[in-house]
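The chain contents come next:
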Amino acid sequence: RRFLQTAAVLAAGIVLAACGKKEEPAPVEQAASAPAPAPAPTVYTVGTDAAYAPFESQDEKGEIVGFDIEVLSAVAKKAGFEVKFVNTPWEGIFNSLGQGDRDIIISAVTITDERKQTLDFSDAYFDAAQLIAVRDNSKVAKFADLKKLKVGVQTGTTGDEATTKLIGKASTNIKRFESTPLALKELESGGVDAVVADNGVIIHHVANNPGAKFKTISDPEFAPEHYGIAVKKGNTAVLEKINQGLAGIKADGTYDQIYAKYFGAAPAKAQAPA
Ligand code: ARG
């Protein structure tokens with residue numbers, strides 16, 4: 001009996017020892033140099049022209065923040081990839097996809113037929129239109145009134161396209177700027193009579209710069225625009241993940257939450273397909 005007891009204790013001891021050994025953590029040096037046990041999610045490099053608040057801008061610490069940043073971060077989380085945002089000048093932003101420097105562009109980019117020839121776009125994630133900013137003593141009442149005036153735009157934007165169409169390609173009255181804030185500075189100092197840019201950005205600027213004494217003018221002549229997230233033409237693998245994540249955050253309320261944070265109210269439920 002005593003023998004049996006001893007044997008049982010010994011056996012138990014062996015089992016415990018074995019268990020203990022199993023649970024022993026791997027040596028630290030080995031864990032650091034060995035490949036990660038779970039495959040790390042792919043990190044995509046995202047280009048954005050971060051001078052376009054409230055969609056993308058840099059905070060005091062130089063961090064890139066804004067509506068687009070929160071939307072794509074939520075999309076990535078939903079679809080299981082990671083994103084690294086890199087401030088990228090608007091001019092050349094689309095070329096950075098072709099060159100492979102950026103995997104994704106989110107930059108309040110309007111989906112246009114012309115751009116669709118060289119890029120692939122996600123489903124639309126935001127509705128926009130052009131808006132005119134003028135000094136508050138201006139007599140401008142509609143877009144056509146800009147025909148003989150000096151107008152500031154950001155080079156290569158839909159605001160540039162619309163204004164060029166109105167004023168004419170040859171006109172020297174269009175002043176093209178590298179960024180929209182630079183165009184708005186010029187409006188403040190009197191170098192141009194108006195700025196044409198996306199409504200969200202103009203409204204944000206006017207609200208945050210009361211000292212500039214601007215007013216805004218909308219015009220039904222401006223075509224409705226829809227923002228999309230761009231990838232290199234043919235990059236369906238990434239595009240599918242983006243669309244899947246986008247559908248996910250639209251369905252689960254995350255998109256509405258982000259929208260409300262930036263624009264005050266949830267967008268209309270029935271969104272016209274782009
Ligand atoms: N929506 C306009 C366009 O696509 C302007 C976008 C400018 N975006 C920016 N981050 N600067 O042409």
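Rules used throughout
- Residues numbered from 1 in each chain as written.
- Predicted model: local features only at pLDDT ≥ 70, side-chain atom pairs only at ≥ 80, totals over all residues.
- Heavy atoms only, no water.
- Salt bridge = Lys/Arg side-chain N within 4 Å of Asp/Glu carboxyl O.
- Helix = DSSP H or I, 4+ residues; strand = E, 2+ residues; numbered from the N terminus.
- Buried < 20%, exposed > 50% of the residue type's maximum accessible area, 1.4 Å probe, protein only.
- Near = heavy atom within 4 Å.
- Polar contact = N/O pair within 3.5 Å; in protein donor to acceptor, adjacent residues only side chain to side chain.
- Areas by Shrake-Rupley, 256 points an atom, 1.4 Å probe, with all protein chains shown as cover.
- Nonpolar A, V, L, I, M, F, W, Y, C, P; charged D, E, K, R; others polar.
- Pairing = 2+ DSSP bridges.
- Expected span 1.5 Å × (residues − 1).
- pLDDT = per-residue confidence, 0-100.
- Contact = heavy atoms within 4.5 Å.

Colleague: So, the pattern of salt bridges: which residues are in play, and what are the values?
Modeller: One pass over the full model with this rule turns up seven salt bridges. Asp252 is the partner of Lys78 in a salt bridge, and the nearest nitrogen-oxygen pair spans 2.7 Å. Note that Lys78 is positioned in helix H3 (residues 67–79) and Asp252 in the loop between helix H9 (236–251) and helix H10 (254–263), a separation of 174 residues in sequence. We classify Lys78 as partly exposed; its relative accessible area is 42%. The salt bridge partner of Lys233 is Asp120, with a shortest N-O separation of 2.9 Å.

Colleague: Describe in detail the site of the ligand, supporting the description with residues and values.
Modeller: Around the ligand sit 14 residues in total, of which Asp49, Ser107, Ala108, Arg115 and Asp198 are the nearest. Within the side chain of Glu56, a nitrogen or oxygen atom sits 3.1 Å from a nitrogen atom of the ligand. A distance of 2.7 Å separates a nitrogen atom of the ligand from a polar backbone atom of Ala108. Here the ligand loses 100% of its free accessible area of 350 Å² to cover by the protein chains. Its residues assigned to classes, the shell around the ligand shows five nonpolar, five polar and four charged.

Colleague: Just give me the short version of the pairing of strand S9 (residues 130–135), but keep the residues and values in it.
Modeller: On a regular strand, each side chain points to the face opposite its neighbour's, so the side chains alternate between the two faces of the sheet. In terms of burial, S9 is a largely internal element, five of the six residues being buried. Sheet analysis places S9 next to strand S12 (residues 194–198), joined by four bridges and oriented antiparallel. Each residue of the ladder has a partner; that of Ala133, found in S12, is Val195. By the bridge criterion, four bridges tie S9 to strand S13 (residues 214–217) in an arrangement that is antiparallel. Bridge assignment links Arg135 to a residue of S13, and that residue is Phe214.

Colleague: Give a description of H3 that names residues and reports values.
Modeller: The end-to-end C-alpha distance of H3, which contains 13 residues, comes to 18 Å, matching closely the 18 Å that a straight helix rising 1.5 Å per residue would cover. Three or more residues of H3 are buried, namely Phe67, Asp68, Ile69, Val71, Leu72, Ala74, Val75, Ala76 and Ala79.

Colleague: Which residues make up the confidence of the model for the protein chain, and what are the values?
Modeller: Confidence in the prediction of the protein chain, expressed as mean pLDDT, is 90, and 84% of residues score 70 or more. Low pLDDT, under 50, characterises residues 13–23; the stretch is placed with zero contacts to residues that sit more than four places away or in other chains. Here residues 270–274 is a poorly scored stretch, pLDDT under 50, and it has four contacts once near neighbours within four places are set aside; other chains count. With pTM at 0.84, the complex prediction returns an ipTM value of 0.98.

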